Amino acid sequence: MYDVLVIGAGVVGTAAARELSRYNLKLCVLEKNYDVNMGTSKANSAIIHAGFDAKPGSLKAKLNVMGNLMMDKLSEELDFEFHRNGSMVLCFEEENIPKLEDLRIQGEKNGVPDLRIISGDEARRKEPTLTDDVKAVLYAPTGGIVCPFGMNLAFAENAYVNGAEFKFNFNVKSIRKEDNAFIVSDGREEIKGKFVVNAAGVYSDVLNNMVSSSKITVKPRKGEYLLFDKTAGEKVRSTIFQLPTKLGKGILVTPTVHGNLLVGPNALDIDDKEDVTTTKEGMSEVIEKAALSVKNLPMNMVITSFSGLRATGNSGDFIIGEAEDAPGFINAAGIESPGLSASPAVGIMIKDIIVNKLNADKKDNFIEKRRGIIKFSELSNEEKQALIEKQPEYGNIICRCEMVTEGEILDAIRRPLGAKTLDGVKIRTRAGMGRCQAGFCTPKTVAIIAKEMNISPLEVTKFGEGSKVLTGLNKENI
Ligand SMILES: Cc1cc2nc3c(=O)[nH]c(=O)nc-3n(C[C@H](O)[C@H](O)[C@H](O)COP(=O)(O)OP(=O)(O)OC[C@H]3O[C@@H](n4cnc5c(N)ncnc54)[C@H](O)[C@@H]3O)c2cc1C
C-alpha cells in the first residue's frame with residue numbers, strides 16, 4: 001500500500017510529489033496521459049505573477065506571493081528557465097487611474113514588494129512600443145516569466161529520483177474507502193493509498209465528488225493565444241497586462257523565456273473539459289485587444305495558436321485541504337491562475353498537511369538538485385566541440401528552427417521519466433516548437449524515438465494512444 005497517491009502530473013501534482021519525496025513516504029503519481037505536463041500546465045501565459053491580483057487573505061494571494069518568492073532558488077536548484085522581467089498593468093482612461101491605485105494597495109496588502117504607479121510617458125520610455133493611449137501603469141518589478149514545461153518536468157524528475165513512482169495511462173475512474181485506505185481504480189487495476197492528493201486540474205471536481213458529499217464544481221474557462229516567432233520577441237521586455245475586468249486579467253503581451261512573443265488569452269466559459277480548439281473569433285478578439293497595448297504587432301510573424309483551460313472553481317479561491325467528510329483525501333482543486341506561480345507553495349501546503357498527519361520523517365539522502373538537458377545552441381564553440389567529441393550525436397542538428405541536436409533528443413528520451421512521444425520530446429527539448437512548427441524535424445524525431453524505444457516508426461505517437469504520426473512508410477529507412 002502507498003502512503004500517498006497523487007492524482008495528476010501537472011505542475012501542482014508534481015510540486016506536491018517533490019515536496020513529499022523529501023520524506024520517508026511511499027508515493028505514486030497517477031496520470032491519465034502518457035507523460036507529465038499534458039494538461040493546463042502546458043498551455044498558459046507562463047507568467048510568474050507578482051501577486052497583486054488576488055483578494056488579500058485568499059489562498060490565491062498568499063500562495064502566489066510565496067511561490068513568486070521561491071522562484072529564483074527553485075529555478076537554480078532544478079535548472080529550469082525563469083526570468084524576472086517585471087510586469088506592467090496598463091490603464092487607458094484617466095478616470096480608471098484610481099483602480100490602478102486600488103490594485104497597488106491590494107498588492108501591498110498581499111506582500112508584493114516595490115509596486116509603483118508610473119505615468120504613460122515613463123512606461124513608454126521603458127517599453128517604447130506601448131501605445132499612446134496608455135495613461136498610467138502599475139509597475140511590478142517582481143513579475144517574471146518561466147518555462148512552464150521545464151518547471152513541471154523538473155518537479156517530476158526530481159520527485160522521481162527521490163523515490164516517487166509514476167504510473168502513466170492511468171485514468172482514475174473510481175475512488176472508494178475501505179479500512180482506512182483509498183482504493184483508486186482505472187477500471188483495470190486497483191491501487192491502494194492511505195492519502196490521496198487530488199491535483200486533477202479541470203477534473204478535480206469529478207474526483208472530489210467521488211468521495212465527498214461536499215460537492216464542488218470546476219468549470220473550464222478557455223483562453224486562446226497567438227505565439228509569434230522569435231524575430232518579434234523583443235517587441236516588449238516586460239509582461240504587459242491590461243487593467244483586469246471581472247472575466248480575467250485581460251489580454252497580455254509578453255516575451256517568453258525562449259525569446260518568442262506571446263499574446264492572449266481571452267476568457268470563454270465552456271462546458272467541454274477537453275475543448276482546446278482555437279477559433280477565428282477568439283483570435284480576432286486577442287489581436288484586437290492586444291493592439292490597445294502594443295503598437296504594430298507583426299501579425300505575419302505568428303507561428304501558431306493554442307488554448308488552455310482554466311480550472312475555475314465555484315468558491316472563487318483555490319480549494320486546498322482535506323475534504324471534511326473524507327479524511328485523507330486532500331484537494332488541490334480549482335487551481336486556476338495564478339496556479340503556475342503558486343504551485344511550489346501549494347506543494348508545500350499539501351506536504352505539510354500529510355506529513356503532520358503521518359508524522360513522517362525527513363529523508364537524509366534527499367537529492368535537492370536536478371540538471372536539465374544541455375542546450376547545445378547556448379554553448380560556446382569550445383564547449384560544443386568538446387561535447388561532440390564525447391558524444392557525436394550532438395553534432396547532428398535535428399530541429400533547425402530551434403537548433404536542437406540528436407544528442408539533446410537522446411537525453412530527453414533516456415533521462416528519468418524520459419519522453420516516449422513526439423510531444424514528450426518537444427516539451428523537453430523544443431524540437432518542433434520553432435518557426436516551421438515541426439515540419440522539418442518530425443520524420444527525424446520519429447526515427448530517433450522508434451530506434452530508442454525499439455518499436456516501428458509506425459507505432460510512434462504524438463501524445464499517446466490514438467495519435468499515431470505515420471500511416472505508412474514510402475521507403476525502408478526514414
Ligand atoms: C489560459 C490560461 C492562462 C494561465 N496563465 C497563467 C499564468 O500566466 N501564471 C500562472 O501562475 N497561472 C496561469 N494559469 C493557471 C495555471 O496554468 C494552472 O493553475 C496550473 O497549470 C494548474 O496545474 P494543475 O496541475 O492543477 O492542472 P493540470 O496541469 O491540468 O494537471 C492536471 C493533471 O491531472 C490529470 N488528470 C485529470 N483527471 C485525471 C484522472 N481522472 N486520472 C488521472 N489523471 C487525471 C490531467 O491529465 C493533468 O495532467 C493559466 C491557466 C490558463 C488556462
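As a reminder, the structure under discussion sits directly above these lines.
All of these numbers come straight from a predicted model, not from anything done at the bench.

(A) Broad picture of the packing of helix H10 (residues 406-414) against helix H11 (residues 422-429). At their nearest, the axes of H10 and H11 sit 9 Å apart, and the two run at 115 degrees to each other. Considering the angle they form, H10 stands roughly perpendicular to H11. Considering how the two elements wind past one another, H10 and H11 form a crossing that is right-handed. Contact residues: Glu-408, Ile-409, Ala-412 and Ile-413 in H10; Val-425, Arg-428 and Thr-429 in H11. In terms of residue class, the contact of H10 with H11 is made up of four nonpolar, one polar and two charged.

(B) Structural context of the site of the ligand. Residues in contact with the ligand amount to 38 residues; listed here are only the nearest, Glu-31, Ser-41, Ile-47, Ile-335 and Ser-341. Within the side chain of Glu-31, one N or O atom sits 2.6 Å away from an oxygen atom of the ligand. In the environment of the ligand, an oxygen atom lies 3.5 Å from a nitrogen or oxygen atom belonging to the backbone of Gly-339. In isolation the ligand exposes 1,000 Å². Once the protein is present, 97% of that is buried. Listed by contribution, the elements that provide at least two residues to the shell around the ligand are helix H1 (11-20), strand E13 (218-228), strand E18 (302-313) and helix H8 (339-358). Of the residues belonging to the shell around the ligand, the class tally is 18 nonpolar, 16 polar and four charged.

(C) Region of the structure containing the packing of H10 against helix H12 (residues 442-453). Contact pair H10 / H12: the axes reach a minimum separation of 11 Å and the direction vectors enclose 45 degrees. By the angle class used here, H10 and H12 are oblique. Considering only the axes of H10 and H12, their crossing is right-handed. Each of Glu-406, Ile-409, Leu-410, Ile-413 and Arg-414 in H10 lies in contact with H12, whose residues at this interface are Thr-445, Ile-448, Ile-449 and Glu-452. A class-by-class count of the residues in the contact of H10 with H12 yields five nonpolar, one polar and three charged.

(D) Seen up close, the sheet that holds strand E8 (residues 144-146). An order of E3-E8-E4 is seen for the three strands of this open sheet, with the pairing classed as antiparallel. The outermost strands of the open sheet, each flanked by one partner alone, are strand E3 (47-48) and strand E4 (82-83). Note: E3 against E8, two bridges, orientation antiparallel. Looking at E8, one finds that Ile-47 is bridged to Ile-145.

(E) Representation of helix H3 (residues 97-110). The terminal C-alpha atoms of H3 lie 20 Å apart, and with 14 residues this matches the ideal 20 Å at 1.5 Å per residue to within 8%. Residues of H3 that are buried: Leu-100, Leu-103, Arg-104, Gly-107 and Asn-110. In an axial view of H3, the angular spread of the buried residues amounts to 120 degrees, which keeps them on one side of the axis. The elements touched by buried residues of H3 are helix H2 (59-78), strand E5 (87-91), strand E6 (116-119) and strand E7 (136-140). The first or second residue beyond H3 is Gly-111, which carries a positive phi of 95 degrees.

(F) Representation of the nonpolar core. Judged by nonpolar contacts, the single largest core of 54 residues is most densely connected at Val-4, Phe-80, Met-151, Phe-166 and Ile-350. For this core, the secondary structure elements donating two or more residues are strand E1 (2-7), H1, strand E2 (27-30), H2, helix H5 (148-161), strand E12 (190-198), strand E20 (329-333) and H8. Ignoring sequence-local partners within four residues, the contact set of Val-4 consists of Leu-20, Leu-25, Lys-26, Leu-27, Cys-28, Phe-195, Val-197 and Ile-354. In terms of nonpolar packing, the next biggest core, distinct from the first, is built from 23 residues, Leu-90, Val-134, Leu-261 and Val-286 among them.

(G) Seen up close, the pairing of strand E10 (residues 174-178). In this sheet, strand E11 (residues 181-185) lies alongside E10 in antiparallel orientation, the contact comprising five bridges. Note on E11: the bridge partner recorded for Glu-178 is Ala-181. Counted along the chain from E10 to the antiparallel partner E11, the turn is two residues long, and its residue Asp-179 has a positive phi close to 45 degrees.

(H) View of the pairing of E1. Across the six residues of E1, six count as buried, placing the element largely inside the fold. Bridging between E1 and E12 involves five bridges; their strand directions are parallel. Bridge assignment links Val-4 to a residue of E12, and that residue is Phe-195. As paired strands, E1 and E2 are joined by four bridges and run parallel to one another. Bridged to Val-6 within E2 is Val-29. This β-α-β element, E1 to H1 to E2, shows right-handed connectivity.

(I) Layout of the pattern of salt bridges. Evaluation of the coordinates by the stated rule reveals 36 salt bridges. Notably, a salt bridge pairs Asp-72 with Arg-84, separated by 2.5 Å at the nearest N-O pair. Of the two residues, Asp-72 sits in helix H2 while Arg-84 sits in the loop between E4 and E5, which places them 12 residues apart along the sequence. You can call Arg-84 partly exposed: its relative accessible area is 27%. Through salt bridges with shared partners, one network takes in Glu-157, Arg-370, Asp-411 and Arg-415.

Parameters and conventions
Residues numbered from 1 in each chain as written. Predicted model: local features only at pLDDT ≥ 70, side-chain atom pairs only at ≥ 80, totals over all residues. Heavy atoms only, no water. Axes fitted to C-alpha atoms, helices over the stretch in contact; angles between N-to-C directions. Helix = DSSP H or I, 4+ residues; strand = E, 2+ residues; numbered from the N terminus. Parallel < 35°, antiparallel > 145°, perpendicular 65-115°, else oblique. Left-handed = near helix turned anticlockwise from the far one by under 90°. Contact = heavy atoms within 4.5 Å. Nonpolar A, V, L, I, M, F, W, Y, C, P; charged D, E, K, R; others polar. Near = heavy atom within 4 Å. Polar contact = N/O pair within 3.5 Å; in protein donor to acceptor, adjacent residues only side chain to side chain. Areas by Shrake-Rupley, 256 points an atom, 1.4 Å probe, with all protein chains shown as cover. Pairing = 2+ DSSP bridges. Expected span 1.5 Å × (residues − 1). Buried < 20%, exposed > 50% of the residue type's maximum accessible area, 1.4 Å probe, protein only. Arc of directions from axis to C-beta. Core = buried A, V, L, I, M, F, W, Y, C linked by side-chain atoms within 4.5 Å. Right-handed = clockwise from strand over helix to strand, strands pointing away. Salt bridge = Lys/Arg side-chain N within 4 Å of Asp/Glu carboxyl O.

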